[in-house]
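If you want the building blocks of each chain, they are given just below.
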Amino acid sequence: MEEEDGAEGAEMTVRGLIFVDIFRKKSGGPDRRALGGGAPQAAVGALLWRSPSDGELHLAAPVGADFFGDELRGAEALEAMGLSAAGVHVVPGVSHTPCVEISYNADEQRVERPLVGWAALPTLCAAPLPGDDGDLGDGDGGGTLGGTGGGGE
């Protein structure tokens, strides 16, 4: 993690990948969608240890064109906790954000099954992110905390 030396209230950016996790219930009830991948995990971790006097915390991650549907509700919840998700952006030509189905078998073992979007992973990984020029927000650059994959990657 990088942050400006001695800069109280310095901005920080969590950069990485966002995946969509779909949790299937054994009971057959409705599926639950959630933000997955390393970027949301790292962002939540950063939110837990940052104080309210710290500067804005940004999330920068590439996603597919399908992302700004129901999944964004997770980003809205993160914004309510003090995380700016303005750096979450659609990569041109990528139609699906990588998605994984997560369920548990009869022995309670976690089972992950890749769904759509995995073919675009190299494109997402190579995509430039907002802030690559060192400017996300008010232009002071701030620091960077990197998150890559999470479960299912």
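Residues numbered from 1 in each chain as written. Predicted model: local features only at pLDDT ≥ 70, side-chain atom pairs only at ≥ 80, totals over all residues. Heavy atoms only, no water.

V14, I18, L57, L59, F67, L83 and V88 are the most contacted members of the largest nonpolar core, which totals 22 residues. Of all the secondary structure elements, the ones that give two or more residues to this core are strand 1 (12–15), strand 2 (19–23), helix 1 (38–49), strand 4 (57–63), helix 2 (72–80) and strand 5 (83–90). Contact partners of L83, with chain neighbours within four places excluded, come to A43, L47, L57, H58, L59 and L78. Counting ten residues, the second-largest nonpolar core is a separate cluster that includes F19, V100, W118 and A120. (Core = buried A, V, L, I, M, F, W, Y, C linked by side-chain atoms within 4.5 Å. Buried < 20%, exposed > 50% of the residue type's maximum accessible area, 1.4 Å probe, protein only. Helix = DSSP H or I, 4+ residues; strand = E, 2+ residues; numbered from the N terminus. Contact = heavy atoms within 4.5 Å.)

So, about a nonpolar patch on the surface. Side chains of V44, L48 and M81 sit close together on the surface and give an oily, nonpolar patch of about 320 Å² of accessible area. Note on placement: V44 falls in helix 1. (Patch = residues over 30% accessible without salt bridge, like charges linked within 9 Å, V, L, I, M, F, W, Y side chains within 5 Å. Areas by Shrake-Rupley, 256 points an atom, 1.4 Å probe, with all protein chains shown as cover. Salt bridge = Lys/Arg side-chain N within 4 Å of Asp/Glu carboxyl O.)

This paragraph deals with the sheet that holds strand 6 (residues 99–104). The sheet built from four strands is open, its strands ordered 3-2-6-7 with mixed pairing. Lying at the two open borders of the sheet, with one neighbouring strand each, are strand 3 (32–36) and strand 7 (110–114). Going across the sheet, the axis of each strand differs from the next one's by a mean of 30°, ignoring polarity. Sheet topology note: the strand 6/strand 7 ladder contains five bridges and is antiparallel. Opposite V100, over in strand 7, you have P114 as the bridge partner. (Pairing = 2+ DSSP bridges. Axes fitted to C-alpha atoms, helices over the stretch in contact; angles between N-to-C directions.)

In this section: the environment of A127. Within the element layout of this structure, A127 appears in the loop between helix 3 (121–126) and strand 8 (143–146). With 66 residues separating them in the primary sequence, A127 and A61 have C-alpha atoms 9.1 Å apart. Ignoring anything within four residues of it in the chain, the contact list for A127 reads P62 and V91.

Below, the discussion takes up the environment of G82. Take G82: it is sitting in the loop between helix 2 and strand 5. The class for G82 is partly exposed, based on a relative accessible area of 41%. Considered as a pair, G82 and H58 are 24 residues apart in the sequence and their alpha carbons are 8.8 Å apart. Not counting chain neighbours up to four residues away, the residues in contact with G82 comprise L47 and L57.

What follows covers the pattern of salt bridges. A pair can form between side chains of opposite charge whenever their charged atoms are brought close. What the rule picks out here adds up to four salt bridges. For E101, the salt bridge is made with R113, and the minimal N-O distance between the two is 3.1 Å. Of this pair, E101 sits in strand 6 while R113 sits in strand 7, and the two are twelve residues apart along the sequence. Residues R110 and E112 are paired through a salt bridge, measuring 2.6 Å at the closest nitrogen-oxygen approach. Salt bridges sharing partners connect three or more residues here, namely R24, D31, E101 and R113.

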